[in-house]
Amino acid sequence: MSLQTDVMTAMKTAMKAKDQNALASLRAIKSAILTAQTESGASEELSEEDEIKMLQKLVKQRKDSAAIYIEQDRAEMAQEELAQAAVIEQFLPEQLGEEEIEKIVTAVIEKAGASGMQDMGKVMGLVSQELAGKADGKTISTIVRKKLA
């Protein structure tokens with residue numbers, strides 16, 4: 001089943017439950033899908049990789065907004081953004097924990113022969129490819145930086 005079909009099904013459920021937060025999140029996903037399809041050609045289905053990247057981008061936007069709201073002492077707005085991020089995350093593959101990411105980063109560093117911060121770009125590229133959709137870039141970056149330092 002495609003992401004678009006899953007989102008439409010979830011939207012119907014959210015409408016029946018009158019869950020405004022979920023509905024706003026699902027509408028954002030639907031909008032992003034339609035935008036991506038028109039950019040790449042109207043008849044073209046999005047690849048699973050493109051769908052995952054799009055969903056990760058939406059989650060990152062929500063979390064960044066929540067961080068800004070927290071800085072401005074607007075906790076209720078931050079909660080709303082984090083709740084929307086949680087709804088969007090349901091459509092992403094299961095995210096790996098830090099321990100699993102560390103194991104993969106260590107293996108990639110050894111395989112690439114990386115020895116210091118000058119190799120961070122190379123390591124980030126390899127790890128990001130391997131963990132596509134399974135971990136966010138900020139977590140990967142933090143762990144790579146810690147291992148190379």
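Note that the coordinates shown come from a computational prediction; the quantities given were computed from them, not determined experimentally.

*Asks:* Would you explain the overall build of the protein in this entry?
*Replies:* Along the protein, the regular secondary structure elements total seven helices and zero strands. Counted from the first residue to the last, the protein has its helices and strands arranged as α-α-α-α-α-α-α. With respect to the principal axes defined by its C-alpha atoms, the protein has extents near 55 × 45 × 25 Å. When burial is assessed residue by residue, the protein has 34% of its 149 residues classed as buried. Counted over contacts in the protein with a minimum sequence separation of 6, partners at least 24 positions apart contribute 61%. Accessible area for the protein stands at about 9400 Å²; split by element, carbon and sulfur atoms hold 52% of it.

*Asks:* Looking at this structure, how should I read helix 4 (residues 75-89)?
*Replies:* Two residues of an α-helix separated by three or four positions point the same way, owing to the 3.6 residues in each turn. Under the 1.5 Å per step criterion, the end-to-end length of helix 4 is 21 Å for 15 residues, consistent within 8% with the ideal 21 Å. For helix 4, the complete set of buried residues consists of Ala78, Glu81, Gln84, Ala85, Val87 and Ile88.

*Asks:* Where do I start with the side chain of Gln84 in this structure?
*Replies:* Assignment of secondary structure puts Gln84 in helix 4. The contacts of Gln84, once residues within four sequence positions are left out, are Asn21, Ala24, Ser25 and Arg62.

*Asks:* Just to check I follow, could you spell out unusual backbone geometry for this structure?
*Replies:* With glycine set apart, most residues show a phi of negative sign, and most peptide bonds adopt trans. In this structure, Lys18 is a non-glycine residue whose phi angle is positive, near 55°. Turning to its location among the elements, Lys18 is positioned in the loop between helix 1 (3-17) and helix 2 (20-40). A positive phi angle, near 55°, is found at Asp73, a position not held by glycine. Mapped onto the secondary structure, Asp73 falls in the loop between helix 3 (48-71) and helix 4. Under the relative-accessibility criterion, Asp73 is labelled exposed at 72%.

*Asks:* Quick question: what am I supposed to make of the layout of surface pockets here?
*Replies:* The method is simple in principle: a probe with the dimensions of a water molecule rolls over the atoms, and the space it marks as empty is what remains. Counted as a void, the largest pocket has a volume near 620 Å³. Taken together, 26 residues make up the lining of the largest pocket; nearest its centre are Gln56, Ala135, Asp136, Gly137 and Lys138. Looking at the lining of the largest pocket, the elements with two or more residues in it are helix 3, helix 6 (120-130) and helix 7 (137-148). Here the lining of the largest pocket is built from residues that sort into nine nonpolar, seven polar and ten charged.

*Asks:* Help me out: how do you make sense of empty space enclosed by the protein in this one?
*Replies:* All told, the structure shown has one cavity of 30 Å³ or more when counted by the stated rule. The volume enclosed by the largest cavity comes to roughly 30 Å³. Lining the largest cavity are Ser2, Leu3, Gln4, Ile33, Gln37, Glu45, Leu46 and Glu51. For the lining of the largest cavity, the secondary-structure elements that each account for two or more residues are helix 1 and helix 2. Grouping the constituent residues of the lining of the largest cavity by class yields three nonpolar, three polar and two charged.

Conventions used here
Residues numbered from 1 in each chain as written. Predicted model: local features only at pLDDT ≥ 70, side-chain atom pairs only at ≥ 80, totals over all residues. Heavy atoms only, no water. Helix = DSSP H or I, 4+ residues; strand = E, 2+ residues; numbered from the N terminus. Buried < 20%, exposed > 50% of the residue type's maximum accessible area, 1.4 Å probe, protein only. Contact = heavy atoms within 4.5 Å. Areas by Shrake-Rupley, 256 points an atom, 1.4 Å probe, with all protein chains shown as cover. Expected span 1.5 Å × (residues − 1). 1 Å grid on protein atoms, 1.4 Å probe; cavity = no way out; pocket = protein on both sides within 12 Å on 5 of 7 lines; lining within 4 Å. Points joined across faces, edges and corners; volume = space filled by probe spheres on them. Nonpolar A, V, L, I, M, F, W, Y, C, P; charged D, E, K, R; others polar.

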